Amino acid sequence: MAVRNHRLSVSEIVNNGAEIFHKLRWSHGIVVCPYCGSVHIKEYDGYRYKCNSCKNRFSDKTNTLMHGSKLSVSTWMHAIYEMTTDNFISSVVLATKLGINQKSAWLLQTKIRNSMSQDRTILEGGIVAQDEMYIGGSLSNFHYRRKWDLLRKGNFISGDEKRYSKQALFALNGSLKQPVFGMTDGDKVVLYATPNPIKKEYIRKIYKAHTIKGGIVVSDESQLYNGWEKATGSVLYTNNHHNNQYTTDNGLTSNAIENIFSWYKRGFNGKITHCKYHQLYLNEFAFRYNNRCLSTKDMFAMIVGSTIGSHVTYNQIRGYNQYRIFISKAKQNEIYKKEKRRIKTLKWILDNTDAKQIESHHRIYCKGDL
């Protein structure tokens, strides 16, 4: 394994964050207009520019992770530094370190986590260990009244004696948790939140997207892997954990992914509260694990480079769907048509409304929405 390169200090990032981001944003040394692609640029007022071709004004933050943000570049760089060096720093602690409020710190974290996507991660180690874990509290630790309400609403209480079976309690306990499917080849890891309950189609789709066909898979005796070899074209070895078998006759084991799960749960404990954005936390953990040997500048370059040309708005974050990998093509076309109708309506409003009226309602209808 490669040795980690030199890491920047906090003082260097706070004092020279704008300069570091400028070099990462324009890695080729040439400032290019993000609107028309022209190189005839005039610089003014420190990392702000005006295009001589299309007359648009822009800055280093335009069409990047920091697009439209009023916070300084140094604040964003400091936030990225804290998230790549600390194991799940909370938004409250991050807000204290950056000198901003908790809501702004949460928005920064969510946008940064969204840029740490796992879409391009490919496991090339040959032998892949995979398993599932369930995130969430146990029903036995719930308050008596909350537990009683869940049992009553789920029709688990039977007869006048008000008793419920252990199987029903186990099923209810599992339905309250967030399932996560993970894979690792010993060098990199892939983690995905899946709908509850997990289905064979989900994990097969994830495996095919992040591995090379014809590999070797090691897992437990779960029924999710029935017919695995025929569906994926890979060789499957299983360990019967119920019989205390944790290594096959060939010496293969799935303990590698179990170790990663335990590490994730230790960092997860007490810091994550909403399952809606659970995939973003998994992205952060996987990004930090897969790039653990890179320097700070290289991590910054990967995060900044992945967001050039596209930025995420607050409305997109609120409507975030962590199961987007499982959305059918029909649903994707429906979402695309709905967005197309919205843009068409906004264009009609801008073309058929007076300039003064548009200016007075710029918070609702603006060209940035198109």
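Residues numbered from 1 in each chain as written. Predicted model: local features only at pLDDT ≥ 70, side-chain atom pairs only at ≥ 80, totals over all residues. Heavy atoms only, no water.

Bringing the overall build of the protein chain into the picture now. Regarding its fold elements, the protein chain presents 14 helices and 8 strands. Burial analysis of the protein chain (370 residues in total) assigns 39% to the buried set. Restricting the contact set of the protein chain to residue pairs at least 6 apart, pairs at least 24 apart contribute 61%. Of the roughly 21,900 Å² that the protein chain leaves accessible, carbon and sulfur atoms contribute 50%. (Helix = DSSP H or I, 4+ residues; strand = E, 2+ residues; numbered from the N terminus. Buried < 20%, exposed > 50% of the residue type's maximum accessible area, 1.4 Å probe, protein only. Contact = heavy atoms within 4.5 Å. Areas by Shrake-Rupley, 256 points an atom, 1.4 Å probe, with all protein chains shown as cover.)

Our focus in this paragraph is the pattern of salt bridges. Close approach of charged atoms allows side chains of opposite charge to pair. According to the stated counting rule, one finds 5 salt bridges in the structure shown. Salt-bridge contacts for K97 lead to E82; the nearest nitrogen and oxygen are separated by 3.2 Å. In this pair, K97 is assigned in helix α3 (residues 91-98) and E82 in helix α2 (residues 73-85), connecting sequence segments 15 residues apart. Here K97 falls in the partly exposed class, since its relative accessible area comes to 43%. Across the pair E284 and R113 runs a salt bridge whose closest N-O atoms are separated by 2.6 Å. Note that E284 is positioned in helix α10 (residues 278-290) and R113 in helix α4 (residues 102-115), a separation of 171 residues in sequence. The same class applies to E284 and to R113, which are both buried. (Salt bridge = Lys/Arg side-chain N within 4 Å of Asp/Glu carboxyl O.)

Hydrogen bonding along the main chain pairs the strands of a sheet, whether they run parallel or antiparallel. The mixed open sheet is built from 5 strands, whose spatial order is β6-β5-β4-β7-β8. Strands at the two margins of the open sheet, each flanked by one partner only, are β6 (189-193) and β8 (235-239). In this sheet, adjacent strand axes meet at a mean angle of 25° when their direction is disregarded. Where strand β5 (residues 178-184) meets β6, 5 bridges bridge the pair, whose relative direction is antiparallel. Bridge pairing in β6 places T184 opposite V189. Helix-sheet contacts for helix α7 (residues 200-210) involve β4 (127-135), β5, β6 and β7 (216-220), and the interaxial angle to β5 is about 30°. In the packing of α10 onto the sheet, the strands contacted are β4, β5 and β6, and the crossing angle to β6 comes to about 175°. (Pairing = 2+ DSSP bridges. Axes fitted to C-alpha atoms, helices over the stretch in contact; angles between N-to-C directions.)

Moving on: the packing of α2 against α4. As a packed pair, α2 and α4 sit with axes 10 Å apart at the nearest point and diverge in direction by 65°. The orientation of α2 with respect to α4, classified from their angle, is roughly perpendicular. In this structure, α2 crosses over α4, and the sense of that crossing is right-handed. Listed contacts from α4 to T75, W76, A79, I80 and M83 of α2 are L108, Q109, K111, I112 and R113. A per-class count over the contact of α2 with α4 returns 6 nonpolar, 2 polar and 2 charged. (Parallel < 35°, antiparallel > 145°, perpendicular 65-115°, else oblique. Left-handed = near helix turned anticlockwise from the far one by under 90°. Nonpolar A, V, L, I, M, F, W, Y, C, P; charged D, E, K, R; others polar.)

It is worth spelling out the packing of aromatic side chains at this point. One pass over the structure, following the stated rule, counts 12 aromatic pairs. On the numbers, 6.4 Å between centres and 55° between planes, the contact of F88 with Y281 is tilted. One end of the pair, F88, is in the loop between α2 and α3; the other, Y281, is in helix α10, with 193 residues separating them in the sequence. Across the pair, exposure class does not vary: F88 and Y281 are buried alike. Ring geometry for Y207 versus W228: centroids 5.1 Å apart, planes at 65°, classification edge-to-face. With Y207 in helix α7 and W228 in helix α8 (residues 228-232), this pair connects stretches of sequence that are 21 residues apart. Taking the relative accessible area as the measure of exposure, W228 reaches 1% and is therefore buried. One aromatic cluster is present, built from ring pairs that chain together F88, W263, Y264, Y281, F285 and Y289. Between the NZ or CZ atom of R25 and the centre of the ring of W26, over which it lies, the distance is 4.2 Å. Directly above the aromatic system of Y289 lies the positively charged group of R292, at a separation of 4.3 Å from the ring centroid. (Phe/Tyr/Trp six-rings, centres within 6.5 Å; stacked < 30°, edge-to-face > 60°. Lys NZ or Arg CZ within 6 Å of the ring centre and 35° of its normal.)

The pLDDT averaged across the protein chain works out to 79; a share of 78% of its residues lies at or above 70. Under a pLDDT of 50 for its full length, residues 358-370 has, in the predicted model, 13 contacts with residues more than four places off or in other chains. (pLDDT = per-residue confidence, 0-100.)

Working note: α-helix, 3.6 residues per turn, so residues spaced by three or four point in the same direction. For α10, with 13 residues, the first-to-last C-alpha span of 18 Å sits near the 18 Å given by 1.5 Å per residue. Burial runs high along α10: 13 of the 13 residues are buried. (Expected span 1.5 Å × (residues − 1).)

Here we take up the side chain of S115. Relative to the helices and strands, S115 resides in helix α4. Ignoring anything within four residues of it in the chain, the contact list for S115 reads L65, I303, S306 and T307.

Let us look at unusual backbone geometry. A negative phi angle is the norm for most residues apart from glycine, just as the trans form is the norm for most peptide bonds. The backbone of K55 shows a phi angle near 65°, a positive value even though the residue is not glycine. Mapped onto the elements of the fold, K55 is located in the loop between β2 (48-51) and β3 (57-59). One non-glycine residue, F88, lies in positive phi territory at about 60°. Classification of F88 as buried rests on a relative accessible area of 2%.

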